[in-house]
Amino acid sequence: MAMILDAFVSKFAEMLVELARQEVDMLLGVPGEIQKLQNKLRMISKVLADAERKRINDLAIEDWLKQLKNFMYDADDILDIHRIEADKWSEPSSSTIVCLFRSRIRRPQEIGMKIRELNQKLEEILRCRSEFNLELTFHDKQQVTSQISRMTSPIGEIDIVGSEIEKHAQSLVDSLIKNDERRNILIFAIVGVGGIGKTTLAQRIYNDQRIQEEFSVKKWVCVSQQFDEINLLKDIIGGAQEHSRSSLEPKVESSLRGKKLFLVLDDVWSAKVWCDLLYNTLNSCVAGSRILVTTRNEQIAMQMLAVNIHHVDKLSLEDSWLLLCNKVVLTGDEVEIQHLKDIGMEIVKKCDGLPLAIRVIAGVLCTKEKTWTAWSRVLESTAWSTSGLPEEVMGALYLSYEDLPSYLKQCFIYCSLFPEDYKLYMCDMTELWIAEGFVKADGSLTVEETAEEYYRELIMRNLLQLSDNDSYICCMHDLLHCLARYLARDESSVVRKVHEVGSSNGPMKLRRVYISNNQTTEIFDVLVKQNSLRTLIWRETCLTVTQMDVVFNKLSRLRVLDICSPAIRGLPDSLGNLIHLRYLDISRSEVSVIPESIGNLRNLWYLNISWTKISMIPKSLENLRNLQLLDMQGCSLLSRLPKCIVNLHNLRSLDLYDTGVVGMPAGLGRLQNLHLLSGFVLQSNRTEGWCTMGELRSLSCLRTLSIDALECISSSSEARAAELRNKSKLRSLELTCTQCPQPNEEEMRGIKEVFEELHPPPCLEELTIRCYFGREFPKWIAETTSSASILFPNLSRLNLVDCNYCERLPPCGLLPHLKYLLIVGAASVIGVGPEFLVSTSTSSNGGGRAGVNASKYAFPKLETLKLNNMYDWQEWHWDKGTQAMPCLKYLFLKECPKLMSLPEGLLLYATSLTKLHINTADRLTTIEKLLSLKELYIRHSRNLEKVSDLPALTTLEVESCPKLQVVENLQSLKRMKLVDEEMKSLPSYLLKGVQRGAKKRKRVHAAHLEELVIRCNMGLVRKICQKASPEWPTIQDIQRVHAYSENRSVHNRRVQVVYSKSPFSFTTNFNDTSSSSSSSGLAL
């Protein structure tokens, strides 16, 4: 259930403790009643953990818990109502609970009577407890997993999912791209039980480079058990606004006509998705299109007429142990590994070779000591054999849930409120958890930081899995989603059809609902009867203002309301009836006016009106004293903020990015709890009533700050008044000027003086300077003294964007912890010299480089360097006397057409460089001697002649480099891609016969290549089809070759050849009617 009673009772009891301490019951005329309520809840809380465990198999306990939950929700509503009522009379600065119940509250006897009634109801519930023989347990304390445990988080890891997965993936890719035109679309299937790794294998195939190149359209659609036809068609077409099958089907057919489609249908439970929905619609695709299906049921694959069915086997015991070691980070200490192996093997036996089960159990073990005793407790847990769970949910998954502390259990179950495979963004989930009351600030952490730790711990425990390896986006495996849905039962629901809304008369009332159907009328009629609803998420709703008026009158208990939909065009005044509301999101809607009644929402914590048509904020907003997050980004019609906004003293986040706001109201400095202020801008013609830079001085809690239109600052003294240097909590700072087409010298001097006074504090971690138009960077970033290295000791990301008038780059090499550096649009830079790495100025003791010890590295921590749009940059000076960039992994050079060569120092000292991207470097002639480089991507560099001496290089991609003639000494090269539409023959460095030259240099040895991809002229495709051609001796030695031409004149399709050496396969759709009809000369 989304409400975990253990956590909810604990939070409620804390509130009662404070009320009792303040003797509120005396004020309400019911002395002793609050203490009685508190004592009863304390007694109940001791048996809740055992009751939660036993409810799965005991319907009587289940019903008892439902009664208790209903009671707790009602009690929370009663206290909330009177907290709101009292807030209307309390002083704005009041913060203690007692002020909410002081003498000015209306109808104190009514409140007292309701508290007495609560006691009576709870007494009845408590009396039933004795029937169940529940065991006492201690309440777990809130404690986020330690920093040491979080280091085992799987972010960026590559799972071991069986030693055969890569072989299977490549074999299936071979089959998928093989020429087979018996039908326009062929279906391939991956079959296996839940949690065995079908989706993992499908992802490997989908992301394979050959798949990406072979198919013009690639789509991934999760079907799931209860798929919605409309949403599925929308997922295929992307961005469609139609809401019926009859209107979507022709649009899908039209968009895919003549396209070569690769479609993954993940988690298919019924052949109807193909036979009844997609079969006719997708027939407009060209021959060679493929569908890859993952399913648990082989019969479904057969009903869909799959031409190839691949079964995924369970992991062997040894592979299971290796996966467990990988996820628990048992790597390195052999003694530790061997000590735990015997009991670890017993644990993985219980996981039955299923990777998902092993991963979640590893998440449990990550939180335990690495001792035999701790692991044996996991092995002996009764949760392994819990009965009553859904058939497909194995005991390992329930054990991983049971091991969670109560504060994490409710966050885990809450994720099931969203559909299967839904992308769960960290920012969205944490804000919802906070609004629901699941999060309590832990120690020195803010409530937002604590919620983020919850999210990371669920990742670490493998209960959430990263989406696209992004630590800020996750999804939930369908089996874990099934478990969470089962635990939530009828308290929350994902609604696709009207019957899924449920009844409002059951023992447990529906409290939370996510609606994925925009067919408004039928669902609306049922929805408005759910008067106990606390959370309504209906993104894509088509509710009219009239219908919303009914909803807001009927569903007055709502805490969370998310109706971000472009179909929403207005809000009724009855919005003010939602007095319990904590979270309101109407972003990306067509709403242009916020009703004044929003001022009634005194509990509102989060308000998102971003990317709407709103042009004015109502004055009643000042009543929202509990508002903490206000997101207005993208409100381009909003030109000014109301003066009352400065009275929202609890505001922690104010996002004005990309709005039309031209200035801030005076008094903004009163918002001293602000952690984020984005889009701060000064009024250009300031008069009384407008904010000044000086108001930033008092915002000492700021962690993220962006300031726009800095050219509007009139003097350096005004900039100095902000005292940015003293902001000890500031982590991210963005300083932006409006783009100035041709600034004069006075303007250039003026902006430099302003920036000099905007000196950031030493705690800064990320800095962006955008559209700065001074000739020199401010001294605090261009500092050339030895103190520069400690000015920003924590700076890890630096972005210098469109600073087009600075003639020299700052000495960024002095920054000791810089990991990411982006420079875009440095139009006046002609040379990058030693000053970029360290300082070339003379030190006070008479010589040498200042700012960095010559024996140490410049850029000691830099991992990523991007230099883009530097159109006049010619020379990069970095000689062997300056050690730098020992940790550099990724180097990107784009649109640097005059750069002549890579520097000597890069070749000598960038010993960690593994990936190099070069795009449009027309004067570059040679790339060589980068000994650690593994991947090289070079495009549109017209004068490149030579690529050599890259012994670690495994991947080389070359596009539109017509003068490249020498490619040699690439001993490790496995994969090569060549793109040149004019290419009529293989380049000389590939052809076998050319390798017998006088020079004993190691050119590309074709036999060592595992894969060659060529996009070329149709004439070369023809040659590759002929054994007599000079290309064939080279082609035949390569493991896999894919050559194709995008000439669509023949049947409007790509012409291609696909060759595999072992096992031998040669397919082509090339039909040269002008050549001999004899097949004896063909490679076929």
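Residue positions are given per chain, counted from 1 along the sequence in the order it is written. Where local features are concerned, this predicted model is filtered to residues with pLDDT of at least 70; where side-chain atom pairs are given and counted, the filter is 80 or more; whole-chain, interface and lining totals use all residues. Heavy atoms throughout the structure, all of them, feed into the side-chain values; hydrogens and water do not.

Under the annotation held in an unreviewed UniProt entry, the chain carries the name Disease resistance protein RGA2-like and is attributed to Phoenix dactylifera. UniProt positions are given in the numbering used here, feature names are shortened, and annotations may be inferred rather than shown by experiment. What UniProt states about the chain under its Sequence similarities (unreviewed entry) heading is, verbatim, "Belongs to the disease resistance NB-LRR family."

Colleague: How would you sum up the overall build of the chain? Please name residues and give values.
Modeller: We count a stretch as a helix when DSSP gives it H or I for four or more residues in a row; a strand needs E for two or more, and each element gets its number in order from the N terminus. Along the backbone of the chain there are 32 helices and 39 strands. Burial status across the chain gives 55% buried among its 1084 residues. At a minimum sequence separation of 6, the contacts of the chain that also span at least 24 residues come to 62%. Here the chain has roughly 45,100 Å² of accessible surface; of this, 48% comes from carbon and sulfur atoms. Whether a residue is buried, partly exposed or exposed follows from its accessible area with a 1.4 Å probe, protein chains only, as a fraction of its type maximum: under 20%, in between, or over 50%, in that order. In what follows, a contact means two residues having at least one pair of non-hydrogen atoms within 4.5 Å. All accessible-area figures derive from a Shrake-Rupley calculation using a 1.4 Å probe, and residue coverage is judged against the displayed protein chains alone.

Colleague: Would you mind going over the packing of aromatic side chains in detail, with residue names and values included?
Modeller: Any two aromatic rings considered together are summarised by their centre-to-centre distance and by the angle between their planes. In this scheme Phe, Tyr and Trp rings, the latter by its six-membered ring, pair at centre separations within 6.5 Å, and the angle between planes marks the pair as stacked below 30 degrees, edge-to-face above 60, and tilted otherwise. Taken as a whole, this structure holds 26 aromatic pairs when the rule is applied. A network of ring pairs unites the aromatic residues Tyr414, Phe418, Tyr422, Phe438 and Tyr514 as a single cluster. Any Lys NZ or Arg CZ found within 6 Å of a ring centre and within 35 degrees of that ring's normal is scored as a charge over the ring. One cation-aromatic arrangement involves lysine 409 over tyrosine 401; the distance from NZ or CZ to the ring centre is 5.2 Å. Note that arginine 797 overlies the ring of tyrosine 820, its terminal NZ or CZ placed 3.9 Å from the centroid.

Colleague: I'd love a proper account of the pairing of strand E20 (residues 766–770), names of residues and values included.
Modeller: DSSP-based pairing: two strands are paired if at least 2 bridges between them are found. Bridge count for strand E19 (residues 732–736) against E20 is 5 bridges, and the pairing is parallel. Bridge pairing in E20 places leucine 733 opposite leucine 767. The handedness of the E19 to E20 crossover, carried by helix H27 (residues 745–756), is right-handed. Looking at chain direction, E20 and strand E21 (residues 797–801) are connected through 5 bridges and run parallel. Note on E21: the bridge partner recorded for leucine 767 is leucine 798. Note on handedness: a clockwise path from strand one over the helix to strand two, with the strands aimed away from the viewer, defines a right-handed crossover.

Colleague: So, the packing of helix H16 (residues 334–350) against helix H18 (residues 372–379): which residues are in play, and what are the values?
Modeller: Axis definition: a line fit to C-alpha positions, over the contact stretch in the case of helices; interaxial angles, taken between N-to-C directions, run 0 to 180 degrees. For the pair H16 and H18, interaxial distance at closest approach is 10 Å and the crossing angle is 10°. Taken as axis vectors, H16 and H18 run roughly parallel relative to one another. Both H16 and H18 take part in a crossing whose hand is left-handed. Residues His339, Leu340, Ile343, Gly344, Glu346, Ile347 and Lys350 of H16 form the contact with H18, whose own contacting residues are Trp372, Trp375, Ser376 and Leu379. Of the residues assigned to the contact of H16 with H18, the class counts are 6 nonpolar, 3 polar and 2 charged. For classification, angles of less than 35 degrees are called roughly parallel, those exceeding 145 degrees roughly antiparallel, those between 65 and 115 degrees roughly perpendicular, and all remaining angles oblique. Should the near helix be turned anticlockwise from the far one by less than a right angle, the crossing is termed left-handed; should it be turned clockwise, right-handed. Any residue that is not Ala, Val, Leu, Ile, Met, Phe, Trp, Tyr, Cys, Pro, Asp, Glu, Lys or Arg is counted as polar, Gly included; the first ten are nonpolar and the last four charged.

Colleague: So what's going on with the pairing of strand E29 (residues 915–919)? Which residues, and what values?
Modeller: Where burial is concerned, the two faces of E29 differ: the one with Leu916 and Ile918 is buried and the one with Lys915, His917 and Asn919 is not. Pairing analysis gives 5 bridges linking strand E28 (residues 890–894) to E29, with the strands arranged parallel. From the neighbouring strand, leucine 893 faces E29, where its bridge partner is isoleucine 918. Crossover connection from E28 via helix H30 (residues 904–909) to parallel E29: handedness right-handed.

Colleague: Outline the confidence of the model for the chain, supporting the account with residue identities and numerical values.
Modeller: A residue's pLDDT is simply how confident the predictor is in it, with values from 0 to 100. Across the chain, pLDDT averages 84, with 85% of residues at or above 70. Low pLDDT, under 50, characterises residues 91–104; the predicted model gives this stretch 24 contacts beyond four residues in sequence or across chains.

Colleague: Now, about the pattern of salt bridges: what can you tell me, with residues and values included?
Modeller: Salt bridges are counted wherever a side-chain nitrogen of Lys or Arg sits within 4 Å of a carboxyl oxygen of Asp or Glu. Scanning the model with the defined rule gives 63 salt bridges in all. Of the charged contacts, one joins arginine 652 and glutamate 448 as a salt bridge, the two residues approaching to 2.6 Å between their closest N and O atoms. Of this pair, arginine 652 sits in the loop between strand E15 (629–631) and strand E16 (653–655) while glutamate 448 sits in helix H22 (residues 447–460), placing them 204 residues apart in sequence. Salt bridges sharing partners connect three or more residues here, namely Asp174, Asp208, Arg210, Glu213, Arg939, Glu957, Glu959, Arg975, Lys977 and Glu1011.

Colleague: Provide a residue-level description of the nonpolar core, including the pertinent values.
Modeller: Each nonpolar core is a collection of buried residues, namely Ala, Val, Leu, Ile, Met, Phe, Trp, Tyr and Cys, held together in the definition by side-chain atoms within 4.5 Å. Grouped together as the largest cluster of nonpolar side chains are 175 residues, with contacts concentrated most on Met632, Leu677 and Met885. Here this core gets 4 residues from one element, more than from any other, and that element is helix H31 (residues 1018–1024). Not counting the four nearest positions on each side in its chain, leucine 677 is found in contact with Leu654, Met664, Leu668, Leu696, Leu699, Leu702, Thr704, Leu705 and Ser706. By size, the runner-up hydrophobic cluster in this structure holds 105 residues, among which are Leu186, Ala362, Leu424 and Tyr486.

Colleague: So what's going on with the sheet that holds strand E4 (residues 289–295)? Which residues, and what values?
Modeller: Strand order in the open sheet made by the 5 strands is E2-E3-E4-E1-E5, with parallel pairing throughout. The open sheet has two edge strands, strand E2 (217–222) and strand E5 (308–311), and neither has a second partner. Pairwise comparison of adjacent strand axes, ignoring direction, gives a mean angle of 15° for this sheet. Where strand E1 (residues 185–191) and E4 come together, 7 bridges link them in parallel fashion. Across the sheet, residue phenylalanine 188 finds its bridge partner in E4, namely leucine 292. In the packing of helix H9 (residues 198–206) onto the sheet, contacts are made with E1, E2, strand E3 (261–268), E4 and E5, and the angle to E2 comes to roughly 165°.

Colleague: Quick one: what's the story with H27, residue by residue and with numbers?
Modeller: To estimate the expected span of a helix, subtract one from its residue number and multiply by 1.5 Å. Taking 1.5 Å of rise per residue, the 12 residues of H27 would be expected to cover 16 Å, and the 17 Å separating its terminal C-alpha atoms lies within 8% of that figure. Of the surrounding elements, those touching the buried residues of H27 are helix H26 (716–720), E19, E20 and helix H28 (779–782). Capping of H27 at its N-terminal end is provided by asparagine 744; its side-chain oxygen lies 3.2 Å from the backbone amide nitrogen of glutamate 746. Definition of a polar contact: a pair of N or O atoms within 3.5 Å, with one able to donate and the other able to accept a hydrogen when the atoms are protein atoms, and with sequence-neighbouring residues admitted only if both atoms are side-chain atoms.

Colleague: Please give an account of the sheet that holds strand E8 (residues 470–475) that cites residues and values.
Modeller: As summarised here, the arrangement of the 3 strands in space is E6-E8-E7, forming an open sheet in which the pairing is antiparallel. Here the strands that pair on one side only, and so sit at the sheet edges, are strand E6 (424–425) and strand E7 (465–467). Of the strand pairs in this sheet, E6 and E8 are connected by 2 bridges, and their pairing is antiparallel. What sits directly across from tyrosine 425, in E8, is isoleucine 473.

Colleague: Can you lay out helix H8 (residues 165–177) for me, pointing to particular residues and giving the numbers?
Modeller: The end-to-end C-alpha distance of H8 is 18 Å, a good match for the 18 Å that 13 residues give at a rise of 1.5 Å each. The complete set of buried residues in H8 reads Ile165, Ala169, Gln170, Leu172, Val173, Leu176 and Ile177. The buried residues of H8 occupy an angular sector of 165° when the element is viewed end-on, so they sit on one face. Throughout, the arc means the angular range of directions from the helix axis out to the C-beta atoms.

Colleague: Give me the lowdown on the packing of helix H21 (residues 426–435) against H22, citing residues and values where you can.
Modeller: In the contact formed by H21 and H22, the axes pass within 9 Å of each other and the chain directions differ by 120°. Note that H21 runs across H22; the crossing there is right-handed. Across the interface between the two elements, Met426, Met429, Thr430, Trp433 and Ile434 of H21 pack against Val447, Glu448, Ala451, Glu452, Tyr454, Tyr455, Arg456 and Leu458 of H22. Considering only residue class, the contact of H21 with H22 consists of 9 nonpolar, 1 polar and 3 charged.

Colleague: Account for unusual backbone geometry, with residues named and values stated.
Modeller: The residue aspartate 658 is not glycine, and still its phi comes out positive at about 60°. Taking relative accessible area as the criterion, aspartate 658 reaches 43% and is therefore assigned partly exposed. Here asparagine 969, not a glycine, exhibits a phi torsion of approximately 60°, which is positive. Position of asparagine 969 among the secondary structure elements: in the loop between strand E34 (966–968) and strand E35 (975–979). The exposure class of asparagine 969 is buried, given its relative accessible area of 12%.

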